[in-house]
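Spelled out, the chains give:
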Amino acid sequence: MDDYKVVQLQNGEHQEWLLKKHYAKRTCSVSYSFGLVYDSKLIGVCTFGCPPNYNYNDGKCIFNTMKVKTLELNRLVINENNVKNLLSYFVAQCIKMLPKPLALVSYADPNQNHHGYIYQATNWIYTGESTPKKRYIFEDGSSFDIRRGLDTKGKIVEIQDLKPTHRYIYLSGNKHEKAKMFNDMKMKVYPYPKGENKKYECIDLNINYQKGLFD
């Protein structure tokens, strides 16, 4: 992977990727944003932010007694036709650049035919399924799957039942910190889920990396 570089993005460069390439087509809470660079091109983006569920603040619903800063890996997008294992390399390098000790949570959405193989490849802990949600469809064709703020979105014309998402946890720190966090976890650990992944239609983005701008 010597030809690839992972950099922290400082000026909102992730926004175009979230709006144009990720299936959600919307922004999210972003505290840390990283880019994958190859041949002077930005070819991928990974973002971390505060989980929308406040019970994850300081790891409240992950740990019994410990208080640990908790972030959500909430967006991960990369252009197609890359070398094998590049995505797992990207995620691993991003995690190394985050502060420690730290707990991470992320979700794989079976409604998008995702099962979380990238998290399995990078040794996250599978803790089962999240609470089932509903998708709300509005008059203008837009959709939303979080109840908070629904009254500002317009008239609801359809409500769809969604499959629960797969929840993964990652514990980041030194050997002692990770062992202490794992032993204090209140969530059960389950075998990794399996299934057939299907890619959703999206465009590749052609964005130049401006050397020195992010370094």
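Bear in mind that the values here come from a model prediction, so they are computed numbers and not experimental data.

> Quick question: what am I supposed to make of the overall build of the protein here?
Each helix and strand in the protein was counted, giving four helices and eleven strands. Expressed as a percentage of the 215 residues in the protein, the buried residues total 42%. The long-range share in the protein, meaning contacts at least 24 apart out of those at least 6 apart in sequence, stands at 74%. Total accessible area computed for the protein in this model is approximately 12300 Å², and 47% of it derives from carbon and sulfur atoms.

> Teacher, can you tell me more about the nonpolar core here?
One recurring pattern in soluble globular proteins is that nonpolar side chains are buried together. Counting residues in each nonpolar core, the largest one holds 26 residues, and the members touching the most others are L36, F48, L73, F90, L104 and W124. Those elements that place two or more of their residues in this core are β1 (4-8), β2 (32-38), β3 (41-49), β4 (70-78), α2 (86-96), β5 (102-108), α3 (117-121) and β10 (166-172). Per-element tally for this core: the top contributor is α2, with five residues. In this structure, W124 is in contact with L73, V91, I95, L104, V105, S106, Y119, Y168, I169, Y170 and Y192, ignoring residues within four places of it in sequence.

> Explanation requested: the environment of Y56 in the structure shown.
The topology assignment puts Y56 in the loop between β3 and β4. For Y56, a relative accessible area of 4% corresponds to the buried category. Residues Y56 and K69, 13 residues apart in the sequence, show an inter-C-alpha distance of 8.8 Å. Beyond its immediate chain neighbours, meaning those up to four positions away, Y56 contacts P51, C61, I62, T70, V105, Y107, R167 and M187.

> How should I be thinking about the pairing of β5 in this particular structure?
Consecutive side chains of a regular strand alternate in pointing toward one face of the sheet and then the other. Burial within β5 is extensive, with six of its seven residues counted as buried. As defined by bridge partners, β4 adjoins β5 across three bridges and the pair is classed as parallel. Note that in β5 the partner of T70 across the bridge is A103. For the handedness criterion, the β-α-β arrangement of β4, α2 and β5 is classed as right-handed. Direction of pairing for β5 relative to β10: antiparallel, over a ladder of seven bridges. Counted as the bridge partner of A108 is H166 from β10.

> Teacher, can you tell me more about the pattern of salt bridges here?
Two side chains that carry opposite charge are able to pair once their charged atoms sit near each other. Enumeration according to the criterion identifies one salt bridge in this entry. Note that D161 and K134 form a salt bridge whose closest N and O atoms lie 2.5 Å from each other. Of this pair, D161 sits in strand β9 (residues 156-161) while K134 sits in strand β7 (residues 134-138), placing them 27 residues apart in sequence. Using a relative accessible area of 63% as the deciding quantity, one classes D161 as exposed.

> Is there a simple way to explain the packing of aromatic side chains in this structure?
Aromatic ring pairs are defined here through the distance separating the ring centres and the angle between the ring planes. In this structure the tally under the stated criterion is seven aromatic pairs. Look at Y119 and Y168: their rings are 5.2 Å apart centre to centre, the planes differ by 40 degrees, and that puts the pair in the tilted class. You can see Y119 sitting in helix α3 and its partner Y168 sitting in strand β10, a full 49 residues away along the chain. In this structure, Y119 and Y168 share a single accessibility class: buried. Geometrically, the ring pair formed by Y168 and Y192 is tilted, given 6.2 Å between the ring centres and 40 degrees between the ring planes.

The rules behind each value
Residues numbered from 1 in each chain as written. Predicted model: local features only at pLDDT ≥ 70, side-chain atom pairs only at ≥ 80, totals over all residues. Heavy atoms only, no water. Helix = DSSP H or I, 4+ residues; strand = E, 2+ residues; numbered from the N terminus. Buried < 20%, exposed > 50% of the residue type's maximum accessible area, 1.4 Å probe, protein only. Contact = heavy atoms within 4.5 Å. Areas by Shrake-Rupley, 256 points an atom, 1.4 Å probe, with all protein chains shown as cover. Core = buried A, V, L, I, M, F, W, Y, C linked by side-chain atoms within 4.5 Å. Pairing = 2+ DSSP bridges. Right-handed = clockwise from strand over helix to strand, strands pointing away. Salt bridge = Lys/Arg side-chain N within 4 Å of Asp/Glu carboxyl O. Phe/Tyr/Trp six-rings, centres within 6.5 Å; stacked < 30°, edge-to-face > 60°.

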